[in-house]
Amino acid sequence: MRVLTRRPSTGPGVYTGDLSTGAGVAKAVAGAGAVIHCATDPRRWQVDIDGTRRLVEAARAAGGPHLVYVSIVGVDRIPYGYYRAKLATERVVEESGLPWTILRVTQFHDLIRMVAGVLAKSPLVPVPAGVRFQPVDVHEVAARVIKLATGTPAGRVDDMGGPHARTAEELFRAYLRATGRRRLILPISLPGKVFRGFRAGANLTPEHAYGRVTFEDYLNHR
Ligand SMILES: NC(=O)c1ccc[n+]([C@@H]2O[C@H](COP(=O)([O-])OP(=O)(O)OC[C@H]3O[C@@H](n4cnc5c(N)ncnc54)[C@H](OP(=O)(O)O)[C@@H]3O)[C@@H](O)[C@H]2O)c1
């Protein structure tokens with residue numbers, strides 16, 4: 001088991017590297033049987049696309065390990081810039097010539113909590129009306145990813161979502177309850193194709209609600 005990070009190594013198995021330059025990547029993948037690719041930079045999408053090309057190149061030179069890529073439910077249906085980059089990265093994986101598996105997942109509980117924390121800084125909180133999320137526990141995702149990485153390359157596998165699809169307002173209220181805060185909530189209908197996609201539920205996968213941990217379980221645990 002090895003980890004590639006941009007940070008200085010903290011011990012055996014921790015390799016320093018950077019997908020934006022390719023530095024250190026070849027060393028990290030040398031002799032690997034499988035590579036779980038969950039590196040991303042939502043602010044610099046080219047790191048995802050070009051960085052994945054660099055990873056693929058290094059992996060091919062290293063004998064062609066199984067490449068497992070973590071993507072997001074709805075990247076093909078919601079025209080959000082970061083999602084377009086994830087979709088383009090999926091293509092890089094599919095056309096890599098490596099044995100591959102792609103798992104699309106819904107939003108992690110951590111992301112919803114982080115956004116709720118930012119919104120809760122204001123006494124009056126605008127929340128997108130009609131938008132739902134199906135947040136999932138990252139540990140459950142990790143367990144599935146490990147199972148996939150140790151199995152036979154499977155292409156695009158069934159998506160994975162959390163146990164329930166809930167409105168942004170419900171999730172925000174759960175966050176307020178768990179953190180003992182009171183805020184005025186103002187549901188607003190946001191314009192544009194991106195929010196239309198979210199309102200249409202393109203980010204949800206109710207038929208693959210494999211996660212068991214609810215957003216409240218997660219908040220209580222924290
Ligand atoms: N968060 C969500 O709600 C969600 C939902 C569905 C799918 N996903 C997908 O799941 C994966 C993981 O998401 P996450 O939210 O856990 O991401 P994250 O917390 O932002 O972690 C991504 C990691 O990528 C590494 N990274 C960034 N730029 C890099 C570079 N140039 N070279 C090497 N490593 C780099 C960073 O590791 P170091 O700082 O150690 O270098 C960073 O910790 C992503 O593919 C994401 O799209 C996320």
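The structure under discussion appears in the preceding block.
Residues numbered from 1 in each chain as written. Predicted model: local features only at pLDDT ≥ 70, side-chain atom pairs only at ≥ 80, totals over all residues. Heavy atoms only, no water.

Mind showing me how you'd approach the nonpolar core here?
Inside soluble globular proteins, nonpolar side chains tend to come together where they are buried. Membership of the largest hydrophobic core comes to 25 residues, with the highest contact counts inside it found for Y83, F133, F172, Y175 and F215. Elements with a contribution of two residues or more to this core: α3 (81-94), α4 (109-119), β6 (124-128), α6 (168-179) and α8 (215-221). Looking at this core element by element, the count peaks at six residues for α6. When residues no more than four places from it in sequence are discounted, the contact partners of F172 are A116, L119, A120, V125, V127, R183 and I185. Listed in part, the 17 residues of the second largest apolar core include V29, Y69, A85 and I102. (Core = buried A, V, L, I, M, F, W, Y, C linked by side-chain atoms within 4.5 Å. Buried < 20%, exposed > 50% of the residue type's maximum accessible area, 1.4 Å probe, protein only. Helix = DSSP H or I, 4+ residues; strand = E, 2+ residues; numbered from the N terminus. Contact = heavy atoms within 4.5 Å.)

Would you take a moment to explain the pattern of salt bridges for this structure?
Opposite charge on two side chains permits them to pair, given that their charged atoms come into close proximity. Following the criterion strictly, the structure yields ten salt bridges and no others. The shortest N-O distance in the salt bridge between D50 and R53 comes to 2.8 Å. Linking D50 with R53, this pair stays in helix α2 (residues 45-61), spanning three residues, or about one helical turn. Of the residues examined, D50 reaches a relative accessible area of 24% and is grouped as partly exposed. On the basis of relative accessible area, R53 is assigned to the partly exposed category, the value being 44%. Among the ionic pairs, R91 bridges to E94, the shortest N-O distance being 2.9 Å. (Salt bridge = Lys/Arg side-chain N within 4 Å of Asp/Glu carboxyl O.)

Is there a simple way to explain the packing of aromatic side chains in this structure?
Aromatic rings in a pair are described by how distant their centres are and how their planes are angled relative to each other. One pass over the structure, following the stated rule, counts seven aromatic pairs. An angle of 55° between the planes, with centres 6.4 Å apart, marks the rings of Y82 and Y83 as tilted. Taking the relative accessible area as the measure of exposure, Y83 reaches 5% and is therefore buried. With a centroid separation of 6.2 Å and an interplanar angle of 55°, the aromatic rings of Y83 and F198 are classed as tilted. One end of the pair, Y83, is in helix α3; the other, F198, is in helix α7 (residues 193-199), with 115 residues separating them in the sequence. A network of ring pairs unites the aromatic residues Y80, Y82, Y83, F133, F195 and F198 as a single cluster. (Phe/Tyr/Trp six-rings, centres within 6.5 Å; stacked < 30°, edge-to-face > 60°.)

Mind showing me how you'd approach the site of the ligand here?
In the vicinity of the ligand there are 20 residues, among which T5, R6, D18, K86 and F108 approach most closely. L19 has a polar backbone atom sitting 2.8 Å from a nitrogen atom of the ligand. Between the ligand and F108 there is a distance of 2.8 Å, counted from an oxygen atom to a backbone nitrogen or oxygen. Coverage of the ligand by the protein amounts to 78% of the 880 Å² it exposes when considered alone. Taken together, the elements giving at least two residues each to the shell around the ligand come down to β4 (66-72) and α3. The element best represented in the shell around the ligand is β4, accounting for three residues. Three or more residues apiece are contributed to the shell around the ligand by two domains, here domain 1 (1-105) and domain 2 (107-137 + 162-222). (Near = heavy atom within 4 Å. Polar contact = N/O pair within 3.5 Å; in protein donor to acceptor, adjacent residues only side chain to side chain. Areas by Shrake-Rupley, 256 points an atom, 1.4 Å probe, with all protein chains shown as cover. Domains from an automatic or database assignment.)

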